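Secondary and tertiary structure notes
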Amino acid sequence: MSVKILAIESSCDDTGAAVIVDGKVLSNHIANQKVHEQYGGVVPELASRAHQENIVPVVDIALQTAGVKREELSAIAFTQSPGLIGSLLVGSCFAKSMAMALDIPLIGVHHMQAHVLANFIDDPKPDFPFLCLTVSGGHTQIVLCESPLKMRVIGETLDDAAGEAFDKSAKILGLPYPGGPLIDKYAKTGNPTRFKFPEPKIPGLNFSFSGLKTAILYFLQQQDPAFIAENLPDICASIQHRIISILLNKVIKAAEETGIRDVAIAGGVSANSGLRQALAEYGERYGWRTFIPKFEYCTDNAGMIAITAYYKYLAGDFVGLDAVPTARAAF
């Protein structure tokens, strides 16, 4: 009998629904929220309201696209943690209600574990064990993956995440929200070595981006607006170059310490073209097999929740209707 799972993602400001059948994602639909752009960041209350408006049509479209009827579903999965608590509550309450109505199991998924397993949606897939650099607006981690359901963080940021470094740098530059993709856009035509920004000397495999952010702020405060406008591509390229070098220099160290040669990236920042290109180049240089998810599986999406739920279903890892979503949770 086929395993058919509906997965719901509502951890932040995008409402996602996906259907996976026997490990193959057949649909992955997302409703974006544009309301936050005028505020320069995600407003939690507005996000949860938008999820309430979007979740029913998003689920309907996902089921229709996959050609799966509600009564055919084997389980319902939802993002349980981490995320904005109001947003998580919308997804979890919907999932619980649907699972109860259909009398099928419920699967709670950790958002960051799902980002890692996005590398298993399509072929080729990494072999275990592998390293995954997981980079997003809220997290920067090096994860050692021993199996689909056994992972441990061996390095993480001590302050800002890489995504925050991109977005905050963009805000200082006067670029609109979300600024990270705009830095990537301008960097494509810029000189990445023209302006030198510092790389923090953090021991071990941990990261820090607060000092870099401060250095960028001080540098830009010393320039007049005309200089910044004229040199925007070079400034963006230099900022992006330094963020990427901070990330990948730690990955090099992790690969050396563990002896692991399969290296993947995941999370919203893995959509950055500079990081994707640099990982491929580093792979050739150091003899790694590198894995990069498709763009649609990098940012928050339900496809990654679905593939994680599939492995959890096979392991019989279910939660009860009393499962509580949490804004923060150990990985």
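One can find the structure itself at the top, above this paragraph.
Values in this document were obtained by computation on a predicted structure and should not be read as measured data.

Quick word on helix α10 (residues 302–314)
Its 13 residues place the ends of α10 18 Å apart at the C-alpha level, agreeing with the 18 Å of an ideal helix rising 1.5 Å per residue. The element α10 is largely enclosed, with a buried count of 11 among its 13 residues. Every buried residue of α10 is accounted for by Ala302, Gly303, Met304, Ile305, Ala306, Ile307, Thr308, Ala309, Tyr310, Tyr311 and Lys312. Buried positions along α10 lie against β1 (4–9), β2 (15–21), β3 (24–31), β4 (75–81), β5 (106–110) and α3 (111–117). Two or three places before glycine 303, at the opening of α10, asparagine 301 has a side-chain oxygen 2.9 Å from that residue's backbone nitrogen. Immediately beyond the C-terminal end of α10, within one or two residues, lies glycine 316, with a positive phi of roughly 70°.

Quick notes on helix α8 (residues 232–258)
If you check α8, its first and last C-alpha atoms are 39 Å apart, about what 27 residues at 1.5 Å a residue would give, namely 39 Å. Of all 27 residues that make up α8, 20 are buried, and the element is covered over most of its length. Within two residues after α8, glycine 259 carries a phi angle of roughly 75°, on the positive side.

Cut-offs applied
Residues numbered from 1 in each chain as written. Predicted model: local features only at pLDDT ≥ 70, side-chain atom pairs only at ≥ 80, totals over all residues. Heavy atoms only, no water. Helix = DSSP H or I, 4+ residues; strand = E, 2+ residues; numbered from the N terminus. Expected span 1.5 Å × (residues − 1). Buried < 20%, exposed > 50% of the residue type's maximum accessible area, 1.4 Å probe, protein only. Contact = heavy atoms within 4.5 Å. Polar contact = N/O pair within 3.5 Å; in protein donor to acceptor, adjacent residues only side chain to side chain.

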